[in-house]
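So the chains spell out like this:
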Amino acid sequence: MTLPRTRRRPSPTALAELARLATAARAHARAPHSRFAVGAALRIATGEIVTGCNIENASFGLSMCAERVAVFKAVSEGLSGFDAIAIVADALRPTPPCGPCRQILWELCGNLTVHMRTLGGRSRTLRLRELLPHPFDERSL
Ligand code: THU
């Protein structure tokens, strides 16, 4: 398997729309244990968008982050060629993806643009490579 190539950055307008869809997806979050609802929206370079939200379980370790729900939904539908993900939560600072999500996103999506946004409108945009500067991937095997 080859690694997904680095892709062009989506426009600020496209990222704002992605954040709007992530915010809508957040409404479906199942977060009775942490009370921390997260929404994610993953964009395919063609413009198609797949969303996700976090889904928690009383057996805490089985809980799933919004980012992984979105990317697993997309891959299971045969989609590829992702260029950006938006992540929205109600926090003081924009919420970055957790370590396991960074690893999964790197392998399945490559060097995505990661747009993180609070409900209050604070945002930060980084490339996944900046969040995971020394990845473990097929080149490490
Ligand atoms: N969570 C996400 O869904 N995405 C993130 O980027 C950070 C954390 C979820 C996992 C758990 O359901 C809750 O937020 C608190 O950690």
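Note that the structure is predicted; figures quoted are calculated from it, not measured. (Residues numbered from 1 in each chain as written. Predicted model: local features only at pLDDT ≥ 70, side-chain atom pairs only at ≥ 80, totals over all residues. Heavy atoms only, no water.)

**With respect to unusual backbone geometry**
Quick note on the threshold: Exposure classes here rest on a 1.4 Å probe applied to the protein chains alone. A residue is buried below 20% of its type maximum, exposed above 50%, and partly exposed in between.
For Arg35, which is not a glycine, the phi torsion comes out positive at approximately 60 degrees. You can call Arg35 exposed: its relative accessible area is 70%.

**Some points on a nonpolar patch on the surface**
Stated formally: To count toward a patch, a residue needs a relative accessible area above 30% and no salt bridge. Like charges then connect within 9 Å, nonpolar side chains (Val, Leu, Ile, Met, Phe, Trp, Tyr) within 5 Å. Each accessible area is a Shrake-Rupley estimate made with a 1.4 Å probe; only the visible protein chains count as cover when residues are assessed. By definition, a salt bridge exists where a carboxyl oxygen of Asp or Glu is found within 4 Å of a side-chain nitrogen of Lys or Arg. Runs of E in the DSSP output that reach at least two residues are strands. Runs of H or I that reach at least four are helices, and both are numbered from the N terminus.
On the surface, a cluster of nonpolar side chains totalling about 220 Å² of accessible area is made up of Phe72, Val75 and Leu108. Looking at the secondary structure, you find Leu108 in helix H3 (residues 99-109). A residue is classified by how much of its surface remains accessible, and Leu108, at 31% relative accessible area, is partly exposed.

**Observations concerning the pairing of strand S3 (residues 82-89)**
Definition in use: For two strands to pair, DSSP has to find at least two bridges joining them.
Of all 8 residues that make up S3, 8 are buried, and the element is covered over most of its length. Sheet topology places strand S1 (residues 38-44) next to S3; 7 bridges connect them, and they run antiparallel. Residue pairing across strands places Arg43 opposite Ala84, the latter belonging to S3. Two elements, S3 and strand S4 (residues 113-118), share 6 bridges in a ladder whose sense is parallel. Residue Ala89 lies in a different strand from S4, and its bridge partner there is Thr118.

**A closer look at the sheet that holds S1**
The cut-off we apply is this: In this analysis an axis means a line fitted to C-alpha atoms, helices contributing only their contacting stretch, and an angle means the value between N-to-C directions, from 0 to 180 degrees. We call two residues contacting when some pair of their heavy atoms lies within 4.5 Å.
Here we have 5 strands laid out as an open sheet, ordered S2-S1-S3-S4-S5, and mixed in their pairing. Taken across any chain shown, the strands that pair with only one partner, and hence form the sheet edges, are strand S2 (49-53) and strand S5 (123-127). If you compare each strand with its neighbour and ignore which way they point, the axes differ by 15 degrees on average. Across the face of the sheet, helix H1 (residues 12-26) comes into contact with S1, S2, S3, S4 and S5 while running at roughly 135 degrees to S1.

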